[in-house]
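Here is how the chains run, residue by residue.
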Amino acid sequence: TVGTYTADTADLKAKTDVTLTTGTVAKAVTVLAERNASLGSMTSTTAKAKATSTGTMVATLVKGSAVELLAGTGLTAATLTSTAGDIEAKATTGALKITTATATPTGKLNAEAVAGDLTVVTFSAGAADLKAGNNLAVTTGSSSNDLLALAGRNAVLGSMTSTAGQLKVDTTGTLSLTTGRAANAVDLSGRAGVTATTLTSTNALVDVDSAAGSVSISTANARTHFNAKSYAAMTVGTFAVTAGWAKLVSETAALTITTGTSTDAMQMEGGTNVALGNLTSSGAKIDATAKSGGITFATLRAASKSTLSASKAWNNGQAINGTAMYVSSGGLDLLAASGGITVGTLSGTAQSVVRTHAGSVKITSILGFSTSSMLTTTATGGTKTVPVAYR
């Protein structure tokens, strides 16, 4: 037990517990406890601050050119500060809790709870690698370079930002993220489900995956592409890809998208029904497939082609039901295997086909085609209601 100490260096060892109140050294400070350690405020002004315990460890403040804390059965730290190097905090069997961790733009935060929960309230570092054997929780985190996070169960994340690197998060349980932003890739994988409010990659891609759960994203912004895949239902509010493509797939359930834009192709696929709002592919095509359901849409705009394929009736007896489809330099291909097709406005400039295998076809307005022969409409087993020139 040491109340207050000041020295050039400090090396403190105990066969059982270590209890410290306040200490400042010019060079390295090292603590070893064969049971528990209570460090209080521990500072090295020019060198590394290091503490190891086989039991629990509690620290109010640890500061040095680098910081290394290793605890056997749990670690709780209020403030960790590295003035030149890395911060390493590790708990072997218990929980790891950090209120504030701050490293320089060249320093890295390595925080690991091998078999327990990891909780970090706020951190800032040159890079960060967070690992939890159980649950992971972060309120606010930022790094200059890569920001990596791994959870053995669930992850609840607030604001996560990498200003010059990537943001990558993997969980075997659920993943909840309020804001994820990176200069490069934003890559999220939550096996049991992913929920995200705002995702932004300024120079690269946004990739979201759930192998066994649902995906819900309010807003996604990417440069090169936006790729999302879920086993269960997928809901996307708004997405934008400024120089690339988008691919959104729900393997077994419904897909719902409110608004989306891309410069390259858009591909959407739902295991059951597909509900599309206003989508625009300014330089390529739009493809949508409902494997065991129907498709609804507001306004679809594509440059080269639009293809919709639905398997059965969903909305008002219609397999495909929407307000308007426009293709500025190409054709359209609409197929309903069972059920009807209803479209308010259809516009294209190349050979196009609208057909049902067991249902009616209704199109209120047809625009763009230089001749009526460029559009073929077939309503097998149902009535066909189209403008006179296309009957």
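Described in the following lines is the structure provided in the data block. (Residues numbered from 1 in each chain as written. Predicted model: local features only at pLDDT ≥ 70, side-chain atom pairs only at ≥ 80, totals over all residues. Heavy atoms only, no water.)

Turning our attention to the overall build of the protein. In terms of regular secondary structure, the protein is built from zero helices and 40 strands. Relative to a compact globule of 391 residues, whose C-alpha radius of gyration would be 21 Å, the protein shows 29 Å and is clearly more extended. Principal axes of the C-alpha set define a box for the protein whose edges measure 95 × 30 × 20 Å. For the protein, the proportion of its 391 residues judged to be buried stands at 50%. Summarising the internal contacts of the protein: among those between residues at least 6 apart in sequence, 7% fall at separations of at least 24. Within the structure as shown, the protein displays about 14900 Å² of accessible surface, and the carbon and sulfur contribution to it stands at 51%. Each charge class in the protein was averaged separately, 27 positive and 20 negative side chains, and the resulting centres sit 9 Å apart. (Helix = DSSP H or I, 4+ residues; strand = E, 2+ residues; numbered from the N terminus. Rg over C-alpha atoms; globule rule 2.2 N^0.38 Å. Buried < 20%, exposed > 50% of the residue type's maximum accessible area, 1.4 Å probe, protein only. Contact = heavy atoms within 4.5 Å. Areas by Shrake-Rupley, 256 points an atom, 1.4 Å probe, with all protein chains shown as cover. Lys, Arg positive; Asp, Glu negative; His and termini not counted. Charge placed at Lys NZ, Arg CZ, Asp CG, Glu CD.)

Within the fold, Gly 94 resides in the loop between strand 11 (87–91) and strand 12 (96–102). By relative accessible area, which is 10% here, Gly 94 ends up buried. Sequence separation of Gly 94 and Ala 115 is 21 residues, and the distance between their C-alpha atoms is 6.4 Å. Setting aside anything within four residues of it in sequence, one finds Gly 94 in contact with Gly 72, Thr 73, Gly 74, Ala 113 and Gly 116.

Moving on, we come to the pattern of salt bridges. Tallying each qualifying case throughout the model produces eleven salt bridges. Notably, a salt bridge pairs Lys 27 with Asp 8, separated by 3.7 Å at the nearest N-O pair. Linking Lys 27 in the loop between strand 3 (18–25) and strand 4 (29–33) with Asp 8 in the loop between strand 1 (2–7) and strand 2 (10–14), this pair joins segments that are 19 residues apart in sequence. A relative accessible area of 46% means that Lys 27 is categorised as partly exposed. Note that Asp 187 and Lys 168 form a salt bridge whose closest N and O atoms lie 3.3 Å from each other. Taken together, the positions of Asp 187 in strand 21 (residues 186–190) and Lys 168 in strand 19 (residues 167–171) put the pair 19 residues apart, joining distant regions of the chain. Via salt bridges that share partners, Lys 48, Lys 50 and Glu 68 belong to a single interconnected network. (Salt bridge = Lys/Arg side-chain N within 4 Å of Asp/Glu carboxyl O.)

Looking now at the pairing of strand 38 (residues 361–367). The pairing of strand 36 (residues 340–347) with strand 38 spans six bridges and is classified as parallel. By the bridge assignment, Thr 345 is partnered in strand 38 with Ser 365. Here strand 38 runs beside strand 40 (residues 384–385); their pairing, made up of two bridges, is parallel. Each bridged residue has a counterpart across the sheet, and for Val 361 the counterpart in strand 40 is Lys 384. (Pairing = 2+ DSSP bridges.)

Under the counting rule described, the total for this entry stands at two aromatic pairs. Geometry around Tyr 326 places Arg 301 over its ring, the cationic atom sitting 4.4 Å from the centre. (Phe/Tyr/Trp six-rings, centres within 6.5 Å; stacked < 30°, edge-to-face > 60°. Lys NZ or Arg CZ within 6 Å of the ring centre and 35° of its normal.)

With that out of the way, let us pick up the environment of Gly 294. On the secondary structure map, Gly 294 appears in the loop between strand 31 (285–290) and strand 32 (295–302). Considered as a pair, Gly 294 and Ile 320 are 26 residues apart in the sequence and their alpha carbons are 5.8 Å apart. Ignoring sequence-local partners within four residues, the contact set of Gly 294 consists of Thr 272, Asn 273, Val 274, Ala 310, Lys 312, Trp 314 and Ala 319.

Here strand 21 runs beside strand 23 (residues 205–210); their pairing, made up of four bridges, is parallel. Counted as the bridge partner of Asp 187 is Asp 207 from strand 23. Bridge analysis of strand 23 against strand 25 (residues 225–230) gives six bridges, and the strand direction is parallel. Bridge pairing links Leu 205 to His 225 in strand 25.

The next subject is unusual backbone geometry. If you check the backbone angles, Asn 316 has positive phi at about 50° while not being a glycine. Locating Asn 316 in the fold gives a position in the loop between strand 33 (305–310) and strand 34 (318–327).

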